[in-house]
Amino acid sequence: MSNHPNYSFFQSVEKSFDKAAHFTKWDKGLLEQIKACNSVYSMHFPVKMDDGRIEVIEAYRVQHSQHKSPCKGGIRFSEAVNQDEVMALASLMTYKCAIVNVPFGGGKGGIKINPRQYSVYELEKITRRYTSELVKKNFIGPGIDVPAPDYGTGEREMAWIVDTYSSLKPGEIDAAGCVTGKPVSQGGVRGRKEATGLGVFYGVREVCNMPDVMGKLGLSLGVAGKRIVVQGLGNVGYHSAKFFRENGSKVIAIAEYEGAILNENGLNEEEVFQHRKATGSILNFPGATNITDSSKALELPCDVLIPAALENVINKDNAPNIQAKLIGEAANGPLTPEADEILINKGVVVIPDMYLNAGGVTVSYFEWLKNLSHVRYGRMEKRFTENMNAHIISQIEHLTEKKIADTERAFIMHGAEEVDLVHSGLEETMITATHEIMDIWRKNPEIPDMRTAAYVCAINKVATTYTELGIFP
Ligand code: GLU
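Cut-offs applied
- Residues numbered from 1 in each chain as written.
- Predicted model: local features only at pLDDT ≥ 70, side-chain atom pairs only at ≥ 80, totals over all residues.
- Heavy atoms only, no water.
- Helix = DSSP H or I, 4+ residues; strand = E, 2+ residues; numbered from the N terminus.
- Rg over C-alpha atoms; globule rule 2.2 N^0.38 Å.
- Buried < 20%, exposed > 50% of the residue type's maximum accessible area, 1.4 Å probe, protein only.
- Contact = heavy atoms within 4.5 Å.
- Lys, Arg positive; Asp, Glu negative; His and termini not counted.
- Charge placed at Lys NZ, Arg CZ, Asp CG, Glu CD.
- Core = buried A, V, L, I, M, F, W, Y, C linked by side-chain atoms within 4.5 Å.
- Near = heavy atom within 4 Å.
- Polar contact = N/O pair within 3.5 Å; in protein donor to acceptor, adjacent residues only side chain to side chain.
- Areas by Shrake-Rupley, 256 points an atom, 1.4 Å probe, with all protein chains shown as cover.
- Axes fitted to C-alpha atoms, helices over the stretch in contact; angles between N-to-C directions.
- Parallel < 35°, antiparallel > 145°, perpendicular 65-115°, else oblique.
- Left-handed = near helix turned anticlockwise from the far one by under 90°.
- Nonpolar A, V, L, I, M, F, W, Y, C, P; charged D, E, K, R; others polar.

**Notes on the overall build of the protein**
Next, step 1: Looking only at helices and strands, the protein features 16 helices and 13 strands.
Next, step 2: At 23 Å, the protein has a C-alpha radius of gyration in line with the 23 Å of a compact globule built from 473 residues.
Next, step 3: With the C-alpha coordinates aligned to their principal axes, the bounding extent of the protein is approximately 75 × 60 × 55 Å.
Next, step 4: Of all 473 residues assigned to the protein, the portion counted as buried reaches 56%.
Next, step 5: Sequence-distant contacts in the protein: of pairs separated by 6 or more residues, those separated by 24 or more amount to 68%.
Next, step 6: Taken together, the 51 basic and 58 acidic charged side chains of the protein have centroids lying 1 Å from each other.

Written as structure tokens, this is what we have:
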């Protein structure tokens with residue numbers, strides 16, 4: 001995805017930051033420090049391909065802020081990777097972590113490759129070499145900088161990273177915490193895979209439950225019955241669609257780069273995923289209408305639009321045509337600053353990326369804590385809770401002389417497993433963050449949009465940490 005002609009992606013983030021900084025009272029120098037990228041590591045390394053050719057790989061890791069350690073953020077594999085993009089994404093990570101009270105600084109990595117053009121073995125070599133370059137420069141480690149999946153990467157790549165790191169750091173007891181988003185068998189946490197999509201759902205649901213916001217948009221309360229358009233059927237788009245559908249919304253359209261499909265009665269993301277896997281394309285899905293120009297799906301009439309792919313997909317050219325009332329930014333940076341202005345004037349509410357897609361890093365935090373504590377969530381209390389619940393049920397039955405139905409019994413008995421605790425921690429985090437941002441917005445009517453309110457929230461938190469550190473007395 002090319003950068004917007006007027007602003008680079010990083011400049012867009014700076015622009016949004018400046019707009020929000022205006023509503024805070026922090027020292028100008030402190031604001032400059034918060035905005036700046038602290039460390040930028042740009043690298044080139046050679047990798048021998050399957051056919052014997054040597055290819056020079058361009059890659060980056062940016063640590064935007066070390067106001068808290070470690071730095072945290074994904075690694076993306078994409079042909080569009082460049083330094084500016086990684087800097088922008090690393091900055092968003094700082095603000096994202098601050099908003100959801102995850103005690104990390106922001107980081108991001110990128111390798112400039114199209115992963116579809118490499119064999120699995122080549123990808124493994126690239127990932128392992130990238131990891132050893134990070135180790136060499138002390139740019140990775142459970143207390144330094146902790147990567148995670150992003151666009152074009154997943155559990156498999158994270159398993160390669162943790163294995164490479166551990167073999168280079170023998171005896172490091174917390175080595176598993178050098179990366180998150182790992183397979184469960186390699187120290188991952190249950191619930192990480194769906195975390196970003198589930199967080200998107202929780203965040204949008206919370207806004208949809210706010211009478212003042214829904215009233216202004218002319219929408220009914222709640223997510224049930226809402227008509228949703230999702231752009232991107234990767235991990236985030238897939239899981240966002242899944243949770244909306246399971247909670248009574250209708251996913252009327254799904255877009256991918258080869259085209260989009262529309263069915264007013266609602267689409268099932270798993271069936272669409274299987275169809276795409278079998279045919280190589282999202283198009284020609286049974287019962288749906290094809291939209292060959294994928295970007296046109298963004299302009300469909302709907303209640304909620306969820307861009308869950310890449311940055312800058314809604315810009316000054318197509319923003320005037322957007323018909324959604326609410327936009328949930330599941331991707332990082334899907335709207336340009338010009339698009340923001342146009343949509344504010346149209347009365348559209350945009351739920352901003354750096355808060356809405358924070359579910360991924362929130363559950364990464366839980367995974368990192370699990371790695372440092374070396375114990376699975378729920379291990380200590382599950383059986384205790386179940387024994388206690390069984391006792392309560394038997395007392396109720398004894399005192400009332402009535403039997404509790406089997407399904408109710410199973411539900412009440414259940415002691416929390418790892419995935420239950422992770423989902424509960426995520427739900428609490430997203431609900432709290434929504435209210436923190438909304439309170440800032442409601443208290444200051446001059447703040448024009450939710451993104452600016454979210455930036456104000458993030459700036460206040462990061463600035464408070466800096467001030468408490470005493471660096472700026
Ligand atoms: N890549 C994800 C993001 O942009 C997750 C980062 C993480 O888990 O550290 O938020």
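**Some details on the nonpolar core**
Next, step 1: Formed by 94 residues in total, the largest nonpolar core has its most connected members in Ile99, Val204, Phe244, Ile306, Leu326 and Tyr355.
Next, step 2: Excluding anything up to four places from it in sequence, Phe244 contacts Val200, Phe201, Val204, Val223, Ile228, Ser249, Val251 and Ile306.
Next, step 3: The next biggest cluster of nonpolar side chains, apart from the first, holds 27 residues, and it includes Tyr41, Phe45, Ala59 and Tyr165.

**Considerations on the site of the ligand**
Next, step 1: Taken together, 14 residues lie around the ligand, and Lys72, Lys96, Pro149, Asp150 and Ser364 are the ones closest in.
Next, step 2: In this structure, an oxygen atom belonging to the ligand sits 2.7 Å away from a side-chain N or O atom of Lys96.
Next, step 3: Asn332 places a polar side-chain atom, nitrogen or oxygen, 3.2 Å from an oxygen atom of the ligand.
Next, step 4: Within the complex, 95% of the 290 Å² of free accessible area of the ligand lies under protein.
Next, step 5: Of all the elements in the fold, those that place two or more residues in the shell around the ligand are α3 (83-99) and α12 (359-373).
Next, step 6: Looking at the shell around the ligand, the element that brings in the most residues is α12, giving three residues.

**Side note on the packing of α12 against helix α15 (residues 418-443)**
Next, step 1: Where α12 meets α15, the axes come as close as 10 Å, and the angle between the chain directions of the two elements is 135 degrees. By the criterion of interaxial angle, the relationship of α12 to α15 is oblique. The handedness of the crossing between α12 and α15 comes out as right-handed. Across from Gly359, Thr362, Val363, Phe366 and Lys370 in α12, the residues of α15 making contact are Glu418, Val422, Gly425, Leu426, Thr429 and Met430.
Next, step 2: Among the residues making up the contact of α12 with α15, the classes are represented as five nonpolar, four polar and two charged.

**Quick look at the side chain of Thr434**
Next, step 1: Checked against the element boundaries, Thr434 lands in helix α15.
Next, step 2: At 2.6 Å, the side chain of Thr434 and the backbone oxygen of Met430 are in polar contact.
Next, step 3: Aside from chain neighbours lying at most four places away, what touches Thr434 is Gly203, Glu206, Val207, Met210 and Tyr355.

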